[in-house]
Amino acid sequence: MDNNTFLWFLLAFVAYTTLLFAISAITSRKSSTASFFGGERKTPWPIVAYGMIGSSISGVSFISVPGNVWVQNFFYMPMVLGFIVGYVVIAHVLLPLYYRMGLTSIYTYLGERFGRKTHITGTVTFMVSRLLGAAARLFVVVVVLYTFIPAGMIEALGSTGTYALISAVFLVLLYLYTYKGGVKTIIWTDVLQTTFMLLAVGLTIYFICRDLGWSFGGMISEVGSAVNGNQGSVGYGRAFTDWFDWDYGHGTNAVKQFISGIFVTIAMTGLDQAMMQKNLACKNLAAAQKNMYTTSLIILAVNLFFMLLGALLCVYASRMGGFEALGISKTDELFPIIASRYLGTGVGIIFLIGLISASYPSAGAALTSLTTSFCLDYLGSKQEKTRRMVQAGVAVVFFAIIMVLCIVSSDAVINLIYKLASYTYGPLLGIFFYGILSRRNVRDWAVPYIAVASPLLCIAINQGLRGLFNFDLGFSLLIVNALLTFALMHAFSLKADRKTL
């Protein structure tokens, strides 16, 4: 990238960051420990619902969902439809429990229900999941931002030095804008970032249509008759049977995707401190439930929006000669390369702001929720000095993990981290729902061992199914993992009635 283009990108980044910090400064006025951890339970639910879109769709999703259309058509949609059912379950099962107990950290429930070791197990499981998952997502964003750096700067700093600089700047800004206001600040800045993320997608669609000479009607017609790059004959907008994968042996099978979407949402939203911390900032249970219903519908619309962009990018790439002609080696490069190299500097800037807008909310939520969980669940402290030290420590751990990934630079390692992070949500799902659905107590000392044994058994089962029947569980791994945890919890249960919560 030449220096003039980089200067434009830098100016856009500075302007966007200035606006972000201005909102942060306004929302953090008269902030307190209560506002950092719980948002003072005064946030209007429509604001939470809209802002949660930014946390639900990370920078990785911003890049990957459009690119994935090239190889999987709209096979992701059944999972998104499952999300809606998952949000309804959260609204009617988990949120009433959290509000009735007046929780700030949702893992407090595990301590009240089963004991201290179960409480710590839930906390550690969440923290490992969030640390690995968020760091891997940030790394992918850092890799994309790396492509915007001029060659001369990279030569001067070296590849590792450039990655370190980008990571450090990103994390320092993240730390500073969440430093004082915490959840309260994140909720309001998420509104800004969700807006810019959606604007980036919308404007990119507009510029692609303009470049190809299409009206809105022409775009719908062209996408509907387009040829899928991987399968050769499937139109993106054609019959319902072409949209979804009905082969039950595939990990992308529509039925498995739909059922998995329900449980993925319950586990990764309803049992995730980062997501629930915002819901618990609503005024009351009714407001939080309205937030859940609204968020589910917005998530559906936004994912359709992203996949429409993906179909358009695929059509554009095909018109330009395909992946090889554009220098695209994998699907995650589809959006970044076309936006930054082929649609002009303006679209490149739009893409950059959209990427940052998609990355900051999930990363900020991870930083704040990990700080909250460690302070409240592990240390049992709400002191301001302790909170600030823990928050800085979490940022340093993020930086260390990202730098390891930069040095190793292996897709296999990144995929492994994602799998490890996803496996850890299974035990959380099993432990929580055993507490909710069963009246039996469990031997507290056994729960940490159960949380380790369940994912290991799940890996063995999946490998066996692949080897014997060529059957891939896909995202259903989460369900199997949770069922194994539930069964093991029952095996180590006691007959005594549970505590009334």
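These figures come from a predicted structure and were not determined experimentally. (Residues numbered from 1 in each chain as written. Predicted model: local features only at pLDDT ≥ 70, side-chain atom pairs only at ≥ 80, totals over all residues. Heavy atoms only, no water.)

**Observations regarding the overall build of the protein**
Within the protein, the regular secondary structure consists of 21 helices and two strands. Burial analysis of the protein (501 residues in total) assigns 56% to the buried set. Carbon and sulfur atoms make up 66% of the accessible area of the protein, which amounts to about 20,000 Å² in all. (Helix = DSSP H or I, 4+ residues; strand = E, 2+ residues; numbered from the N terminus. Buried < 20%, exposed > 50% of the residue type's maximum accessible area, 1.4 Å probe, protein only. Areas by Shrake-Rupley, 256 points an atom, 1.4 Å probe, with all protein chains shown as cover.)

**Thoughts on the environment of Phe 74**
Within the secondary structure layout, Phe 74 lies in the loop between helix 4 (59–72) and helix 5 (77–101). With 171 residues separating them along the chain, Phe 74 and Asp 245 place their C-alpha atoms 8.8 Å apart.

**Structural notes on helix 17 (residues 345–379)**
If you check helix 17, its first and last C-alpha atoms are 49 Å apart, about what 35 residues at 1.5 Å a residue would give, namely 51 Å. Taken across its 35 residues, helix 17 has 30 buried, putting it largely inside the fold. Gly 380 occupies a position one or two residues after helix 17 and carries a positive phi of about 65 degrees. (Expected span 1.5 Å × (residues − 1).)

**A few points about the packing of helix 17 against helix 18 (residues 384–408)**
Helix 18 packs onto helix 17 with a crossing angle of 125 degrees between their chain directions and a minimal axis gap of 9 Å. Looking at the two axes, helix 17 sits oblique to helix 18. As for the relative orientation of helix 17 and helix 18, their crossing is right-handed in sense. Seen from helix 17, the contacting residues are Ala 366, Leu 367, Leu 370, Thr 371, Phe 374, Cys 375 and Leu 379; seen from helix 18, they are Thr 386, Arg 387, Val 390, Gln 391, Val 394, Ala 395 and Phe 398. Residue composition of the contact of helix 17 with helix 18, grouped by class: 10 nonpolar, three polar and one charged. (Axes fitted to C-alpha atoms, helices over the stretch in contact; angles between N-to-C directions. Parallel < 35°, antiparallel > 145°, perpendicular 65-115°, else oblique. Left-handed = near helix turned anticlockwise from the far one by under 90°. Contact = heavy atoms within 4.5 Å. Nonpolar A, V, L, I, M, F, W, Y, C, P; charged D, E, K, R; others polar.)

**Some details on the pattern of salt bridges**
In this structure the tally under the stated criterion is one salt bridge. With its nearest N and O atoms 3.1 Å apart, the salt bridge here joins Asp 272 to Arg 130. In this pair, Asp 272 is assigned in the loop between helix 12 (254–270) and helix 13 (273–279) and Arg 130 in helix 7 (residues 116–146), connecting sequence segments 142 residues apart. Assigned by exposure class, Asp 272 and Arg 130 land together as buried. (Salt bridge = Lys/Arg side-chain N within 4 Å of Asp/Glu carboxyl O.)

**Comments concerning the confidence of the model for the protein**
In the predicted model, the protein carries a mean pLDDT of 80, and 86% of its residues have values of at least 70. Here residues 227–241 is a poorly scored stretch, pLDDT under 50, and it has 41 contacts once near neighbours within four places are set aside; other chains count. (pLDDT = per-residue confidence, 0-100.)

**Examining the nonpolar core**
In this structure, Phe 62, Tyr 98, Ile 338, Tyr 360, Phe 398 and Phe 432 are the most contacted members of the largest nonpolar core, which totals 142 residues. Beyond its immediate chain neighbours, meaning those up to four positions away, Phe 398 contacts Arg 130, Leu 131, Ala 134, Ala 135, Leu 171, Ala 366, Leu 367 and Leu 370. Tyr 423, Cys 458, Val 480 and Leu 484 belong to the second-largest nonpolar core, a separate cluster that totals five residues. (Core = buried A, V, L, I, M, F, W, Y, C linked by side-chain atoms within 4.5 Å.)

**Some points on the side chain of Thr 121**
Inspection of the secondary structure assignment puts Thr 121 in helix 7. Residue classification places Thr 121 among the buried residues on the basis of a relative accessible area of 9%. Engagement of the side chain of Thr 121 in a polar contact is seen with the backbone oxygen of Lys 117, the distance being 2.7 Å. Apart from the residues within four sequence positions on either side, Thr 121 is in contact with Ile 431, Val 447, Pro 448 and Ala 451. (Polar contact = N/O pair within 3.5 Å; in protein donor to acceptor, adjacent residues only side chain to side chain.)

**Topic: the packing of aromatic side chains**
Summed over all chains, the structure comprises 16 aromatic pairs. On the basis of an interplanar angle of 35 degrees and a centroid distance of 5.3 Å, the ring pair of Tyr 107 and Phe 126 is categorised as tilted. Of this pair, Tyr 107 sits in the loop between helix 5 and helix 6 (108–113) while Phe 126 sits in helix 7, placing them 19 residues apart in sequence. There is no split in this pair, since Tyr 107 and Phe 126 are both buried. Ring geometry for Phe 148 versus Phe 351: centroids 6.3 Å apart, planes at 10 degrees, classification stacked. In this pair, Phe 148 sits in the loop between helix 7 and helix 8 (151–178) while Phe 351 sits in helix 17, placing the two residues 203 residues apart along the sequence. (Phe/Tyr/Trp six-rings, centres within 6.5 Å; stacked < 30°, edge-to-face > 60°.)

**Quick look at the environment of Leu 405**
Within the element layout of this structure, Leu 405 appears in helix 18. Residue class for Leu 405 comes out buried when judged on its relative accessible area of 3%. It is 7.9 Å that separates the C-alpha atoms of Leu 405 and Ala 136, two residues lying 269 residues apart in sequence.

**Things to note about the side chain of Thr 162**
Within the secondary structure layout, Thr 162 lies in helix 8. Other than its neighbours up to four places away in sequence, Thr 162 contacts Tyr 146, Ile 149, Met 153, Ile 154 and Leu 157.

**Quick look at a nonpolar patch on the surface**
A contiguous nonpolar surface patch, about 470 Å² in accessible area, is contributed by Leu 81, Val 85, Trp 246, Val 255, Phe 258 and Ile 259. Contributions of two or more residues to the nonpolar patch are made by helix 5 and helix 12. Structurally, Val 255 can be placed in helix 12. (Patch = residues over 30% accessible without salt bridge, like charges linked within 9 Å, V, L, I, M, F, W, Y side chains within 5 Å.)

**With respect to helix 21 (residues 477–491)**
Its 15 residues place the ends of helix 21 21 Å apart at the C-alpha level, agreeing with the 21 Å of an ideal helix rising 1.5 Å per residue. All of the buried residues in helix 21 are Leu 477, Leu 478, Ile 479, Val 480, Asn 481, Ala 482, Leu 484, Thr 485 and Met 489.

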